[in-house]
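Here are the chains, one letter per residue:
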Amino acid sequence: MLKRLWSAYHQWYIKYSRFSKEDGQDELAYFRNKLFVSILILILPLGVISYIPSAITALILDKPFVFYVDTIAISLIAFLFFNNKMSLNTKKVVFAANLFVLSFALVLHTGLKSSSGLILFMLCVLVTLFSGRKSGVNTALAAALVYFLIALSVYFKIFDFKVFQDEQIQVIIIVFVNNILFILMAVFSVSFLVQHLHNALLKENSLQEALVIKHENVIKAKEKAEQSDQLKTAFLANMSHEIRTPMYGILGCADLLKSYNTDDEEFKEYVSIIEGNGQELLDVMTDILNISKIETGLMTLSITNFNVNAVIDSIFTSFLAEAKAKQIKLTLNNFIANKDQMINSDQGKFTDVLKHLMENAIKYTEEGGHIILNCNVNIETSQLNFILNDTGIGVPKDKLESIFNTFYQVDVLNKDALHGSGIGLSISKAFIEMLGGQLELESHYGEGTSFLFEIDMDLKEKAPQSE
């Protein structure tokens with residue numbers, strides 16, 4: 001409750017005094033002015049609370065001088081508080097002069113036992129805070145001058161100060177000198193602290209400006225990169241189209257050539273080479289376009305209801321001839337029941353994944369090896385699980401984390417003459433994640449590799465995330 005009252009009181013006075021940052025004003029000057037306004041806001045209620053018992057006590061003890069001095073001091077503070085036409089610099093001077101006169105009036109009236117030293121100490125610290133070290137030092141020097149004049153008057157008895165009649169001049173000088181020394185120490189300490197805080201603030205502002213600039217540069221770089229990615233994707237899509245169109249013509253003509261010279265085995269071999277290499281080129285272009293779309297976030301899902309067993313059998317059968325040519329034994333263990341074979345997923349992406357993994361297994365499995373594909377249903381997660389084991393060359397431990405990187409190949413130096421673009425596993429991993437699963441790898445170098453992955457049986461299109 002007190003916090004809310006103080007906040008409301010503070011906001012009211014800021015609005016009432018029309019305080020704001022002046023044009024061209026630096027941060028330190030603004031901070032000092034704001035601090036002075038806060039001091040006024042705080043000192044008026046505290047001064048009133050202090051004035052009431054002090055004035056009553058002065059009247060009871062028949063000390064009219066104290067009553068008049070306190071009344072004048074609190075009246076001046078109230079005047080400064082409610083006067084919203086006077087400049088802040090003038091208010092600072094009047095405020096300082098008011099406390100200065102009050103402190104020495106108490107010294108001359110009550111002597112060394114008064115609280116004037118504390119008031120003067122507080123005054124010099126406040127002046128240092130809201131006007132700077134120079135003003136604080138000047139206030140301390142002015143106090144030293146008045147102390148000197150009082151001590152001089154007491155020593156030579158120029159004026160009859162009854163409050164100092166029982167005091168030794170040495171004690172008076174020691175008290176006055178100690179007061180000034182403590183004040184100067186406080187002034188320099190406070191100014192040192194304020195200066196370092198100001199430097200820290202300037203450094204923070206500089207860092208914030210640098211961070212803003214860096215953030216803007218990052219945004220520009222991001223936009224430029226996105227634009228570059230879009231241009232790259234558009235270029236690859238266009239190149240894919242430009243290459244596919246004549247390649248389809250070549251493959252079409254090759255297919256027509258099959259009906260000619262049917263008895264010429266050499267002719268048939270040449271046609272087969274044309275078809276095989278043309279199809280490989282088409283597959284490479286498709287993979288490059290797919291990885292580009294994946295990296296730029298433009299790849300989308302096309303969910304349909306299809307028979308997963310039919311797709312698995314078709315892909316497995318398509319690799320039998322290639323495996324037989326390398327004397328590799330292919331085994332399919334499909335445990336997906338007929339009641340679970342109809343799934344909702346992206347048939348094209350699932351087909352690409354299985355093809356890439358099978359191609360990878362056959363490519364890296366030497367003659368006489370063995371490849372096993374296991375398929376089953378996980379009823380608890382409503383997912384299809386797949387495990388593809390091969391007895392190929394395996395992956396070294398230091399390469400396991402890099403195997404899914406784009407364009408990475410285990411046979412980097414092409415020692416074994418294993419061709420490939422190095423993006424099949426990257427595409428497979430990305431597609432499997434889009435299909436609701438994860439692709440994992442277990443491998444022992446020189447012994448073989450196992451790829452494990454799963455896909456959702458009832459895949460749902462993900463809604464785009466709002467930024």
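Residues numbered from 1 in each chain as written. Predicted model: local features only at pLDDT ≥ 70, side-chain atom pairs only at ≥ 80, totals over all residues. Heavy atoms only, no water.

Caption draft 1: Layout of the sheet that holds strand 5 (residues 383-390). Ordered by their spatial adjacency, 5 strands build an open sheet running 2-4-5-7-6, and the pairing between neighbours is mixed. This sheet does not close on itself; its edge strands, each paired only once, are strand 2 (329-334) and strand 6 (439-444). Ignoring which end each strand starts from, the neighbouring axes of this sheet average 10 degrees apart. Contacts from helix 11 (residues 347-364) reach strand 2, strand 4 (370-378), strand 5 and strand 7 (448-456) within the one sheet, and its direction differs from that of strand 7 by about 175 degrees. (Pairing = 2+ DSSP bridges. Helix = DSSP H or I, 4+ residues; strand = E, 2+ residues; numbered from the N terminus. Axes fitted to C-alpha atoms, helices over the stretch in contact; angles between N-to-C directions. Contact = heavy atoms within 4.5 Å.)

Caption draft 2: Just unusual backbone geometry, in detail. With phi around 55 degrees, Lys157 is a residue other than glycine that occupies positive phi space. As for its position among the elements, Lys157 is in the loop between helix 6 (133-156) and helix 7 (169-257). Given a relative accessible area of 72%, Lys157 falls into the exposed group. At Gln327, a residue that is not glycine, the phi angle is positive and equals roughly 60 degrees. Along the chain, Gln327 turns up in the loop between helix 10 (320-325) and strand 2. Under the relative-accessibility criterion, Gln327 is labelled exposed at 55%. (Buried < 20%, exposed > 50% of the residue type's maximum accessible area, 1.4 Å probe, protein only.)

Caption draft 3: Looking closely at the packing of aromatic side chains. Under the definition given, this model contains 24 aromatic pairs. Ring geometry for Phe95 and Phe130: centres 6.0 Å apart, planes at 70 degrees, overall edge-to-face. Of this pair, Phe95 sits in helix 4 (residues 88-110) while Phe130 sits in helix 5 (residues 116-131), and the two are 35 residues apart along the sequence. Its relative accessible area of 0% is what places Phe95 among the buried residues. In this structure Phe130 comes out as buried when scored by relative accessible area, which is 1%. Seen from the ring of Tyr30, Lys21 lies directly overhead, with NZ or CZ sitting 5.8 Å from the centre. Over the ring of Phe431 we find Lys349; its NZ or CZ atom is 5.4 Å from the centre of that ring. (Phe/Tyr/Trp six-rings, centres within 6.5 Å; stacked < 30°, edge-to-face > 60°. Lys NZ or Arg CZ within 6 Å of the ring centre and 35° of its normal.)

Caption draft 4: Looking closely at the confidence of the model for the protein chain. With 93% of its residues at a pLDDT of at least 70, the protein chain reaches an overall mean of 85. Of the regions scoring below 50 in pLDDT, residues 412-420 engages in 10 contacts with residues more than four places distant in sequence or in other chains. Under a pLDDT of 50 for its full length, residues 463-467 has, in the predicted model, 0 contacts with residues more than four places off or in other chains. (pLDDT = per-residue confidence, 0-100.)

Caption draft 5: Highlighting the pattern of salt bridges. In total, this model carries 4 salt bridges according to the counting rule given. Two residues, Lys429 and Glu433, come together in a salt bridge whose shortest N-O distance is 2.7 Å. Of the two residues, Lys429 and Glu433 are both situated in helix 12 (residues 424-434); the distance of 4 residues between them amounts to about one turn of the helix. Lys429 sits in the partly exposed class, given a relative accessible area of 26%. The class of Glu433 is partly exposed, set by a relative accessible area of 33%. Lys460 is the partner of Asp458 in a salt bridge, and the nearest nitrogen-oxygen pair spans 3.3 Å. (Salt bridge = Lys/Arg side-chain N within 4 Å of Asp/Glu carboxyl O.)

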